[in-house]
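Architecture at a glance
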Amino acid sequence: MTDKRALLFQALQPSEAQTLVAIMGRIVPHGAPELKDVVWQTALAYDSQLVTDIGLRSDIRFQLQDLDKRSSEQGAPSFAEAPPNVQDTVLQYIEDTALFQNLIYATVADFYNRHTVWEAIGFPGLAQRDGAGYLDKGFDTLEWT
Amino acid sequence: MARPAVIVPLDEAADVVVIGTGAGGGNVIRELCLAGIKVVALEAGPRLDADRDFEEDEVTMFNKLSWLDPVIPKGPDITGSVTWICKSVGGSTTHWAGAALRLQPHEFKARTTYGAVPKAALADWPIDYDTLLPYYEKAERMLGVAGRVMPPAAGNTNFLVMKRGAEACGLKAQPGFMAINTEEYDGRAACSQRGYCFSGCRNQAKWSSLYEAIPKAEATGWLDLRPNCQALSISTDATGRATGVVYADPDGRVVEQKAQMVVLAGNSIQTPRLLLNSASSRFPAGLANGSGVVGRHYMRHLTASTYAQFPQPVHAYKGMTMMGIVTDFADNRPEDRHYVGGFHLETIMLGPAFTAIFVSPGPLTSTVGSHALWGQPLVDLMESYTHLAGLWIVGEDLPQADNRVTLDPEQKDAYGMPVAVVTYSDHANDVAMRDYAWQQARALYTAAGATQVWDTPPYPATHNLGTCRMGSDPSKSVVNEYGQAHEVPNLFIADGSVFPTSGSENPTLTICALAIRQAEYIIEQMAEHEANGGAVIPDGVGPASVTGSIQPG
């Protein structure tokens, strides 16, 4: 069953989009439901790069197919539908490839710079956009030291 | 009220063309313009406005400020992304942390102090600490260094954790000398403890030539500043003197600005790249490279970091990023530590995205074969983001002749200029120092109560040094003690590439002090030239005498 959000992808086909989201979900496997939604945003941002980067699009497409194949060897219908432990096992096969290392970089650079994630991990960066600083906001106090 | 800026026609020889507007270029430009010298400044990057363009978003600011043109990494210990330096007016003084330390006296005499170290090309500086001291003091006044010309920085929460651990280990953590205003100074505001030091200081409390040296130079009317102009080569005449700079203008047209004198301050990768790209029949190995050492002895400091997770919140991202320092390991004690030279521990913290990228980095930003953190270990790190403390290890790396900058024979940039290849491998001394430093930092954070500690490998280099070393022997160095090229008397170098050895201190203050001293020398030489009615300018080792003096070996 295709998640409707997969239709938002422009470079990748819906089934490929779901595989990409599943991979990114294992790179940043936070439990909070709102962070699972952010993974879709990060995947969409990556997809927008693939619109013009034809070489990378081709490499990624090949990798996504490869992961589906490896997942089926593990008895799962596809990578996206495989249980998390199987997904991790499959990803460990490709962990050292340049493509996967690049994908980790692209995922974390986008995901952890998103405001929803800042809020979830307690980083008040969004409140700092006025440039006023932490001068009277506890920059020099630590109760436990 | 400021005078209108001079506009120098391309075919009129500017008194001085300065290439680069960072720590070195900015200080030279300020000093020359205040002395009434007509300067054309070429800056490869754009001019940003601190208040309008600096944002509280480290990824956006990295993309706005950084030198992102291709550089090819080579060697086992080079990072996949080679440098973290800037391409904008102000150069890397927009991104620097503000740590404004003087080198220690013995570090000017590395060869004498450390002796002969196998595989290291150690050298003494041609000047000593006492010679540079008055220029350090002037630089500290110009930059506004807290702890020197104003009260020291207040400790942030990251520092309080460092201090707790240091005290438990019998070490001393203290506020370092920082070129960040702790009170209003020189018309610039006091620090608001905003945190985003690496992303550009919006309220201009952290010194940058962007909003100190450059505006002061502009106010004289003698500066013709040209952003978005990338220098491509330096032209010379039949006598071997520099006559102009060929550059790509903002519209991509290749033009040449004539010059009576050229000051090159493009940092330790772009400066040798430009010299090597300026080869001619007279200078077949590259301009000012009769010695063959242009591009060699590339140093990037011995660096690493340590991050630690605590049971209680730290919020280490608050306040002045690099204000805290431990100097207990900065001395040279090879008998106890089994390596030469020293290092410092300095507080550091990154935003969420760069924490995820750099605490346990992959080959894209770190060395070949490293593995980026992903999955549950990454989640464990990031969900404890507010409970992290961090410190940076910065120490002396040893110069090696084969650590170097060369030109790629094939790959060229958008203007047809060969791309720089940067080759680096650690010296055994560097490896020993880094391992020792990680151990000490781990012990410090464990004593402070850390539940988990990460040994973090080097980031892309911010301290790029050594590729045009200064010295008194023209066969072994590129420039003299004033940064004047041995072979081209009207060519000067004003950036970290002139360092013969790296010292263990953040290099910016030393670059600034050397630049101020160089500018004073140029001003004196020009005055002398004028008094002599236009004889050889400036005095120094001319091309004729060099031709006879350079011998191999």
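Below is a summary of the structure that appears in this document. Residue numbers here run from 1 along each chain, matching the order of that chain's written sequence. Think of it this way: whatever chain is written first is A, whatever ligand is written first is 1, and the rest follow in order. Local features in this predicted model are restricted to residues of pLDDT 70 or higher, and side-chain atom pairs are both shown and tallied only at a pLDDT of 80 or more, whereas totals for entire chains, interfaces and linings draw on every residue.

**Overview of the overall build of chain B**
Secondary structure elements follow DSSP: runs of H or I of four or more residues count as helices, runs of E of two or more count as strands, with numbering from the N terminus. Looking only at helices and strands, chain B features 14 helices and 17 strands. Here the globule rule is a power law, 2.2 Å times the number of residues to the power 0.38, and the radius of gyration is based on C-alpha atoms. The globule rule puts the C-alpha radius of gyration for 553 residues at 24 Å, and the 22 Å found for chain B is close to it. Counting over 553 residues, chain B shows a buried share of 61%. Residue pairs qualify as contacts under a 7 Å threshold applied to their C-beta atoms, which are placed from the backbone. A separation threshold of at least 6 residues defines the contact pool for chain B, and within that pool the share at least 24 residues apart is 75%. Counting other C-beta atoms within 10 Å of a residue's C-beta gives its exposure: the residue is buried at 20 or more, exposed at 12 or fewer, and partly exposed in between, where C-beta atoms are placed from the backbone.

**Observations concerning the interface of chain B and chain A**
Bring the parts together and some accessible area is lost; that lost area is often taken as the interface size. Facing the 40 residues of chain B at the interface are 34 residues of chain A. When residues of the side of chain B that touches chain A are traced back to their parent elements, those giving at least two are α6 (157-168), α10 (352-358) and α11 (376-383) of chain B. Per-element accounting of the side of chain B that touches chain A gives the leading share, five residues, to α11 of chain B. For the side of chain B that touches chain A, a count of residues per class yields 18 nonpolar, 15 polar and seven charged. Each residue is assigned to one class: nonpolar for Ala, Val, Leu, Ile, Met, Phe, Trp, Tyr, Cys and Pro, charged for Asp, Glu, Lys and Arg, and polar for all the others, Gly among them.

**Side note on the packing of helix α2 (residues 33-52) of chain A against helix α5 (residues 98-111) of chain A**
Residues and elements named next belong to chain A. Every axis in this analysis is a line fitted to C-alpha atoms, fitted for helices over the stretch in contact. Angles between the N-to-C directions lie between 0 and 180 degrees. Contact geometry for α2 and α5: axes closest at 9 Å, N-to-C directions at 120°. Viewed along their axes, α2 and α5 adopt a mutual orientation that is oblique. Along this stretch, α2 crosses α5, giving a crossing that reads as right-handed. Residues V38, V39, T42, A45 and Y46 of α2 form the contact with α5, whose participating residues are A106, T107, D110 and F111. Classifying every residue of the contact of α2 with α5 gives six nonpolar, two polar and one charged. With respect to orientation, any angle under 35 degrees is reported as roughly parallel, any angle over 145 as roughly antiparallel, any angle of 65 to 115 as roughly perpendicular, and every other angle as oblique. With the far helix as reference, a near helix turned anticlockwise by less than a right angle produces a left-handed crossing, and one turned clockwise produces a right-handed crossing.

**Some words on the sheet that holds strand β5 (residues 223-226) of chain B**
Residue and element names in this part refer to chain B. Strand pairing is assigned whenever DSSP identifies at least 2 bridges connecting the two strands. As summarised here, the arrangement of the five strands in space is β5-β2-β1-β9-β17, forming an open sheet in which the pairing is parallel. Edge positions in the open sheet fall to β5 and β17 (491-493), since each of these has one partner strand only. Each strand axis lies, on average, 15° off the axis of its neighbour in the sheet, ignoring direction. Of the strand pairs in this sheet, strand β9 (residues 262-264) and β17 are connected by three bridges, and their pairing is parallel. Paired with V263 across the strands is F492, a residue of β17.

**Some thoughts on the nonpolar core**
Residues and elements named next belong to chain B. In these notes, a nonpolar core means any group of buried Ala, Val, Leu, Ile, Met, Phe, Trp, Tyr and Cys residues linked to one another through C-beta atoms within 7 Å. One finds I29, V39 and M178 to be the most contacted residues of the largest nonpolar core, which totals 215 residues. Counting residues per element, this core draws most heavily on helix α13 (residues 508-531), at ten residues. Leaving out residues up to four positions away in the same chain, I29 has contacts with V18, T21, V39, A41, A213, I214, A217 and L223.

**A few points about the environment of T456 of chain B**
All names here are of chain B. Tracing the chain through its elements places T456 in strand β16 (residues 452-456). We classify T456 as buried; it has 24 C-beta atoms within 10 Å. Expressed as a C-alpha distance, the spacing of T456 and Y307, which sit 149 residues apart in the sequence, is 7.2 Å. Other than its neighbours up to four places away in sequence, T456 contacts A304, S305, T306, Y307, F358, V359 and S360.

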